[in-house]
Amino acid sequence: MRFHTRKWVKPEDLNANGTLFGGKVLAWIDEEAVLYSIIQLENKKVVTKYMSEINFMSTATEGDVIEIGIDVIKFGVTSISLNCEVRNKMTHESIVTVDNIIMVNLDDNGNPRAHGKTKIEYVKDRLAKKEKEENS
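Analysis parameters
- Residues numbered from 1 in each chain as written.
- Predicted model: local features only at pLDDT ≥ 70, side-chain atom pairs only at ≥ 80, totals over all residues.
- Heavy atoms only, no water.
- Helix = DSSP H or I, 4+ residues; strand = E, 2+ residues; numbered from the N terminus.
- Expected span 1.5 Å × (residues − 1).
- Buried < 20%, exposed > 50% of the residue type's maximum accessible area, 1.4 Å probe, protein only.
- Contact = heavy atoms within 4.5 Å.
- UniProt positions renumbered as here; feature names shortened; annotations may be inferred.
- Polar contact = N/O pair within 3.5 Å; in protein donor to acceptor, adjacent residues only side chain to side chain.

**Focus on helix α1 (residues 22–41)**
Then, in step 1: In this model α1 runs 28 Å from its N-terminal to its C-terminal C-alpha over 20 residues, within 8% of the 28 Å that 1.5 Å per residue would give.
Then, in step 2: Burial in α1 covers these residues: V25, W28, I29, E32, A33, Y36, S37, Q40 and L41.
Then, in step 3: Looking at the buried residues of α1, the elements they touch are β1 (2–8), β2 (46–51), β4 (65–75), β5 (79–88), β6 (94–105) and α2 (123–135).
Then, in step 4: Just downstream of α1, E42 is the residue with a positive phi angle, here 55°.

**So, the environment of K7**
Then, in step 1: Looking at where K7 falls in the secondary structure, it is placed in strand β1.
Then, in step 2: Along the chain, K7 and I66 lie 59 residues apart, while their C-alpha atoms are 5.3 Å from each other.

**Here we look at the UniProt feature "domain: HotDog ACOT-type" (unreviewed entry) in the protein**
Then, in step 1: Here, UniProt's "domain: HotDog ACOT-type" (unreviewed entry) annotation points to residues 1–109.
Then, in step 2: As annotated, residues 1–109 has a helix share of 18% and a strand share of 45%, and its two end C-alpha atoms lie 34 Å apart.

**Topic: α2**
Then, in step 1: Compared with the 18 Å implied by 1.5 Å per residue over 13 residues, the 18 Å span of α2 between its first and last C-alpha is a close match.
Then, in step 2: Buried residues are scarce in α2, accounting for one of its 13 residues.

**Notes on the side chain of H115**
Then, in step 1: Turning to its location among the elements, H115 is positioned in the loop between β6 and α2.
Then, in step 2: A relative accessible area of 12% places H115 in the buried class.
Then, in step 3: Side-chain polar atoms of H115 contact the backbone oxygen of G76, separated by 2.9 Å.
Then, in step 4: Ignoring sequence-local partners within four residues, the contact set of H115 consists of L41, F75, G76, V77, T78, S79 and N105.

**Details of the side chain of K117**
Then, in step 1: Among the secondary structure elements, K117 is positioned in the loop between β6 and α2.
Then, in step 2: With a relative accessible area of 14%, K117 lands in the buried category.
Then, in step 3: Looking at K117, its side chain comes within polar contact range of the side chain of E42, at 2.3 Å.
Then, in step 4: A polar atom in the side chain of K117 sits 3.3 Å from the side chain of E121.
Then, in step 5: If we ignore the near neighbours within four places in the chain, the residues touching K117 are Q40, L41, E42, F75 and R126.

Have a look at this one:
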């Protein structure tokens, strides 16, 4: 799993118990999933369709640094399926896992649109390919 984002747990991220609020973590997961999908599908119009069971296993406290990791499970015709792990960088414990997040690629009218992607692509590879095509 590639860990793409780090977050610093601040006072406003805590619940009444003084630990990381689960709703905040879910918002961070959703944001990371949509950003990852936008980059992979090369389209700003991507929405969350589904999140599977969410398994909270540990927590974080103020001042901890957490990491959010995303992996691609599969590419659908109009969707991309991801899984996610959030871990505490300080304690090395998993905070939460989400086995399946489905993101859907949309057209300008908000309808599902085929994206034509079949594998993970990295921006550096796209740039190198584009440069090669321009120089040919």
